[in-house]
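For reference, the chains in residue letters:
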Amino acid sequence: MNIAKIDLNLLIYLDVLLREKNVTRSASQLNITQPAMSNGLKRLRNLFNDPILVRTSDGMVPTERSRALAPVIRKILLELEEALQGEEEFNEKHSQRVFRIMASDYAASTLLPSLLRKINEIAPNVTIDIMTPSDVTFHDVEAGKIDMAINRFDELPQSFHQKTIWRDSFSCLLSAESPYVAEFNLDTYLSSKHVWVSKTGFGVGVGMDPKDVQKLGWVDEALARLGKHRDIKVFTRNYHVAMQLAYEDGLIATLPTKAAMLHKDDHKYTIVPPPFDIPDIELKMIWSPLLHHDASHIWFRQLVIEAAEQG
């Protein structure tokens, strides 16, 4: 194969096709017509003497040859993009950039107010588009469709860049009128009813099973190590709902401390340490290697870190 005769656009086509596994979606991402994308796939098949994508009952599936090519092509394109980008500067004062962020409501409530104050001060025309974990997939982040995801993550693809924003302990939020306030210990904690709240990762959530301790998360795993379990009355994926239920229904909400402290000045609530040890959690931001060297993205990542330090 004579590399001088290869149309480099075909490598871009191949990269997108192997990520999307769909001709129509690939055409949309590259802003070309579907027939043009189909013709690109035909040329790729001729170039590599390989089907590239094969239609199966599960949709279009990459061949062994194309799966082997995928990381090589991605590395070449990333290095080329970095080399061509140069030292472009970002003028935040006049920028009208829209930054799309996937954030759990824990991250949105505790971090984003401080971030927005900084943006209003130094980049008044920049816009933030906040999306929920259910709106986004890892693929969206990898493809650069989402600028950043901010959440607690159990596992991450190795291709992502990541940075820990902060570590947070846990606190118990309960009504100031709760009978357990005067004597809050493990026995009273276990005799109460609780609201469970959590949402990590991406995609649509699934129903919870109170008996499946491993899926219940940090609080219940810590209790399980003591041979104990709590009586969960309500499962929710929204921290504000959990806080409201703690007051209105007398439930105990065991939350990351920064979330609980949103009510530190509200006389209706009491915030106390858990009567058992729970490991700290990490809030992380992750982003695509496609955006890693982008000047505006570098500026924004630094702004997030500064907001976390001040928040």
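What you are looking at is a predicted structure, and each value in this text was computed from that prediction instead of being measured. (Residues numbered from 1 in each chain as written. Predicted model: local features only at pLDDT ≥ 70, side-chain atom pairs only at ≥ 80, totals over all residues. Heavy atoms only, no water.)

Looking now at the nonpolar core. Within the largest apolar cluster, 54 residues are counted, with the highest numbers of intra-cluster contacts made by Leu115, Ile150, Ile165, Leu255, Phe300 and Val304. When residues of this core are assigned to their parent elements, the largest contribution, eight residues, is made by helix H13 (residues 295-310). For phenylalanine 300, the contacting residues outside a window of four places in its chain are Phe99, Ile101, Leu115, Ile119, Ile128 and Met148. Core analysis: the second largest hydrophobic core is formed by 18 residues, Ala27, Leu41, Leu44 and Leu69 among them. (Core = buried A, V, L, I, M, F, W, Y, C linked by side-chain atoms within 4.5 Å. Buried < 20%, exposed > 50% of the residue type's maximum accessible area, 1.4 Å probe, protein only. Helix = DSSP H or I, 4+ residues; strand = E, 2+ residues; numbered from the N terminus. Contact = heavy atoms within 4.5 Å.)

So, on to the sheet that holds strand E4 (residues 127-131). The strand order E4-E3-E5-E12-E6 describes an open sheet built from five strands, whose pairing is mixed. Among the strands making up the open sheet, the edge pair consists of E4 and strand E6 (161-168). Taking the axes of each pair of neighbouring strands and ignoring which way they run, one obtains an average angle of 20° across the sheet. Looking at chain direction, strand E3 (residues 98-103) and strand E5 (residues 148-151) are connected through three bridges and run parallel. Bridged to alanine 103 within E5 is isoleucine 150. (Pairing = 2+ DSSP bridges. Axes fitted to C-alpha atoms, helices over the stretch in contact; angles between N-to-C directions.)

On to the side chain of aspartate 140. Examined against the element boundaries, aspartate 140 turns out to sit in helix H7 (residues 138-142). At 3.0 Å, the side chain of aspartate 140 and the backbone nitrogen of threonine 137 are in polar contact. Ignoring any residue separated from it by four or fewer positions in sequence, one finds aspartate 140 in contact with Asp135, Lys145 and Ile146. (Polar contact = N/O pair within 3.5 Å; in protein donor to acceptor, adjacent residues only side chain to side chain.)

Attention now moves to the pattern of salt bridges. If you walk through the whole model with that rule in mind, you get 14 salt bridges. Put simply, aspartate 129 and arginine 100 hold a salt bridge, and the shortest N to O gap is 3.3 Å. Of this pair, aspartate 129 sits in strand E4 while arginine 100 sits in strand E3, and the two are 29 residues apart along the sequence. Take arginine 100: its relative accessible area is 36%, and that puts it in the partly exposed class. With a shortest N-O distance of 3.0 Å, glutamate 282 and arginine 167 are connected by a salt bridge. Residue glutamate 282 is found in strand E12 (residues 281-287), and its partner arginine 167 is found in strand E6; the two are separated by 115 residues along the sequence. (Salt bridge = Lys/Arg side-chain N within 4 Å of Asp/Glu carboxyl O.)

A word on the pairing of strand E1 (residues 53-56). Across four bridges, the pairing between E1 and strand E2 (residues 59-62) is antiparallel. The residue of E2 that forms the bridge with leucine 53 is proline 62. Hairpin connection, E1 to E2: the antiparallel pair is bridged by two residues.

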